[in-house]
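Topology and contacts: notes
One letter stands for each residue in the lines below.
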Amino acid sequence: MSAPSTPSGASKPRKLPRRPASRLSEKWTNIDGVDVFYRESPHPPADARVMVHVHGFGLSGRYLLPTAERLADEFHTFVPDLPGFGRSGKRRDMLDIPDLAHATADFLDDRGVGKATLVGNSMGCPVIIEFAHHYPERIDRAVLVSPAGGLYNQPLRRAISQLSKDAPREPTRMARVAVPDYVRFGVPSTMRMFKALTQYPSLKRLLEMKIPTLVVLGERDPLLPHAHRVDEIASQTDSHVLVVLLEGAAHAINFSHPGQLAHVITLFMNDKPIENDPTWPGHVRLYEVHRGKHHPEPKAD
């Protein structure tokens, strides 16, 4: 494990968790006076492309680690807890989607990263979309897993109902990761962040993106429209979007199906055809639902 970095202006370094949550190195940095906790590939190849994983609503980056670990040897991987989430410190102002996008850019600046692929889940997806809107020169590709927000999750009682349906569809061990994060995030922050999330124009901004973009949907995800509805909407314009459906998955795909997700991300990053791994169990399959006109065509081996 790497030793914690000493934040500028701090009297002493922050303590690391007693037990690392993954084989990624766990570290602290300080950005504009806020302590930020993050994980990083311990031994990334010198020429590796940078990949940053962006967590969802009320959560830390911990539940993203099963997928991030599987990609950490091929890509220089970072998994931060954005300010106000997880172990990281809070900002005086309550963060909204644009604030979190700028905080992501600040994290890249702090780590000396000029350009990266961003991989998000749930709320992390509109954060990435907003990042691409403000910093198009700094994002190479985007991976949006179970993108949340917008009209489909309004009003709050509907979103609560959707979450209650999703909970039993996730692995039971997810609760041990999520519950402490939600408690730390708090009810006032939840209410304000929910309003910001559902008012964000995710779909409009998504279709405006000019970079290769992979959207991964879970077949059993109650927080999202049916994949064919997504295809119908995406087909209304010429886009750079590739939509893939994962059979048997619900919302937290990065945690529940890390092998399958890492597999499809690797195919996407290398412009390979979307194919299933023959070793997967029979109830898990990937289906390409939509390929935008401007998305790269798969390369032949």
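Quick caveat: nothing in here was measured; it's all calculated off a predicted structure.

Moving on, we get to the confidence of the model for the protein. Within the protein, residue pLDDT values average 87, and 91% of them lie at 70 or more. Note that pLDDT drops below 50 for residues 1-11; the model gives that stretch 20 contacts with residues more than four away or on any other chain.

Structurally, the position occupied by His76 is in strand S4 (residues 76-80). Not counting residues within four places of it along the chain, the set of residues in contact with His76 comprises Glu40, Ser41, Pro44, Ala48, Arg49, Val50 and Met51.

Glancing now at the pairing of strand S5 (residues 116-121). Across the 6 residues that make up S5, a large majority, 6, are buried. Of the two faces of S5, the one lined by Ala116, Leu118 and Gly120 and the one lined by Thr117, Val119 and Asn121 are each fully buried. Pairing of strand S3 (residues 50-54) with S5, which is carried by 4 bridges, proceeds in the parallel orientation. Among the inter-strand pairings, Val54 is bridged to a residue of S5, identified as Gly120. Where S5 and strand S6 (residues 139-145) come together, 5 bridges link them in parallel fashion. When the bridges of S6 are listed, Gly120 appears paired with Leu144.

What follows is about the sheet that holds strand S2 (residues 34-40). Within the open sheet, the 9 strands sit side by side as S1-S2-S4-S3-S5-S6-S7-S8-S9. Their pairing is mixed. Each of the sheet's edge strands pairs with one partner strand only, and the pair in question is strand S1 (25-31) and strand S9 (286-291). Within this sheet the neighbouring strands show an average axis-to-axis angle of 25°, counted without direction. For strand S8 (residues 241-246) and S9, the ladder comprises 5 bridges, and the chain directions are antiparallel. Pairing of Leu246 across the sheet is with Leu286, part of S9. Set on the sheet, helix H3 (residues 124-134) makes contact with S3, S5 and S6; between it and S6 the angle comes to about 155°.

On to empty space enclosed by the protein. Tallied over the entire structure, the rule returns 1 cavity of 30 Å³ or more. The computed volume of the largest cavity comes to approximately 40 Å³. The wall of the largest cavity is formed by Leu242, Leu267, Phe268, Asp271, Lys272, Ile274, Arg291, His295, Pro296, Glu297 and Pro298. Within the lining of the largest cavity, the residues separate by chemical class into 6 nonpolar, 1 polar and 4 charged.

Right, let's talk about unusual backbone geometry for a bit. At Ser146, a position not held by glycine, the phi torsion is positive, near 55°. Although it is not a glycine, Asp271 adopts a positive phi angle of roughly 55°. Looking at the secondary structure, you find Asp271 in the loop between helix H10 (258-269) and S9.

Right, let's talk about the packing of helix H2 (residues 97-110) against H3 for a bit. The description of two helices packed together rests on the angle between their axes and the distance between the axes. Axis separation between H2 and H3 bottoms out at 8 Å; the angle between their running directions is 70°. Judged on the interaxial angle alone, H3 and H2 are roughly perpendicular. Taken together, the residues of H3 that come into contact with H2 (itself represented by Ile97, Pro98, Leu100, Ala101, His102, Thr104, Ala105 and Leu108) are Pro126, Val127, Glu130, Phe131 and His134. Tallied by class, the residues present in the contact of H2 with H3 amount to 9 nonpolar, 3 polar and 1 charged.

Right, let's get into the layout of surface pockets. The probe, sized like a water molecule, is rolled over the atoms to show the empty space still left. Taken as a whole, the largest pocket holds about 700 Å³ of empty space. Every residue lining the largest pocket is counted, 33 residues in all, and those nearest its centre are Phe57, Leu163, Asp166, Tyr182 and Leu223. Of all the secondary structure elements, the ones that give two or more residues to the lining of the largest pocket are helix H4 (156-166), helix H5 (174-185) and helix H6 (187-198). Of the residues forming the lining of the largest pocket, the biggest block, 6 residues, is contributed by H4. Partitioned by chemical class, the residues of the lining of the largest pocket number 21 nonpolar, 10 polar and 2 charged.

Time to look at the packing of aromatic side chains. For the coordinates displayed, the defined rule picks out 7 aromatic pairs. Site record: aromatic cluster; members linked through ring pairs are Tyr38, Phe78 and Phe107. The ring of Phe37 carries Arg87 above its face, with NZ or CZ at 5.8 Å from the centroid.

Think of it this way: side chains of opposite charge can pair up when their charged atoms draw near. Summed over all chains, the structure comprises 12 salt bridges. Between Lys27 and Glu40 there is a salt bridge, with its nearest N and O atoms 2.8 Å apart. Placement of the pair is Lys27 in strand S1 and Glu40 in strand S2, with a sequence separation of 13 residues. Assigned by exposure class, Lys27 and Glu40 land together as buried. Measuring nitrogen to oxygen at the nearest pair gives 2.9 Å for the salt bridge that ties Asp110 to Arg111. The class of Arg111 is partly exposed, set by a relative accessible area of 30%.

Calculation rules
- Sequence order sets the numbering: in each chain, residues are counted from 1 along the sequence as written.
- Only residues with pLDDT of at least 70 are given local features in this predicted model, and only at 80 or more are side-chain atom pairs given and counted; all residues enter the totals for whole chains, interfaces and linings.
- The basis for the side-chain values is all heavy atoms of the structure; hydrogens and waters are excluded.
- Within a predicted model, pLDDT stands for the predictor's per-residue confidence, ranging from 0 to 100.
- The contact definition used throughout considers only heavy atoms, calling two residues in contact when any of these lie within 4.5 Å.
- For the purposes of this entry, the term helix denotes a DSSP run of H or I that reaches at least four residues, the term strand denotes a run of E that reaches at least two, and both are numbered from the N terminus.
- Per-residue accessibility, obtained with a 1.4 Å probe over protein chains only, is compared with the maximum for each type, and a residue is labelled buried under 20%, exposed over 50%, and partly exposed between these values.
- Pairing between strands requires that DSSP locate at least two bridges from one strand to the other.
- All axes are obtained by fitting lines to C-alpha atoms, using only the stretch in contact for helices, and the reported angles, taken between N-to-C directions, cover 0 to 180 degrees.
- Here a cavity is any set of points on a 1 Å grid over the protein atoms alone where a 1.4 Å probe fits but cannot get out, and a pocket is any open set with protein on both sides within 12 Å along at least 5 of 7 lines; a residue lines the site when it has an atom within 4 Å of a point.
- Grid points are joined across faces, edges and corners, and a volume is the space filled by probe spheres set on the points.
- The residue classification treats Ala, Val, Leu, Ile, Met, Phe, Trp, Tyr, Cys and Pro as nonpolar and Asp, Glu, Lys and Arg as charged. All others, Gly included, are polar.
- Roughly parallel here means an angle under 35 degrees, roughly antiparallel means over 145, roughly perpendicular means 65 to 115, and every remaining angle is called oblique.
- A pair of Phe, Tyr and Trp rings is counted when the ring centres sit within 6.5 Å of each other, with Trp represented by its six-membered ring. The angle between the planes then sorts it: under 30 degrees is stacked, over 60 is edge-to-face, the rest tilted.
- Here, a charge over a ring means that NZ of Lys or CZ of Arg falls within 6 Å of the ring centre while also lying within 35 degrees of the ring normal.
- Any carboxyl oxygen of Asp or Glu that lies within 4 Å of a side-chain nitrogen of Lys or Arg is treated as forming a salt bridge with it.

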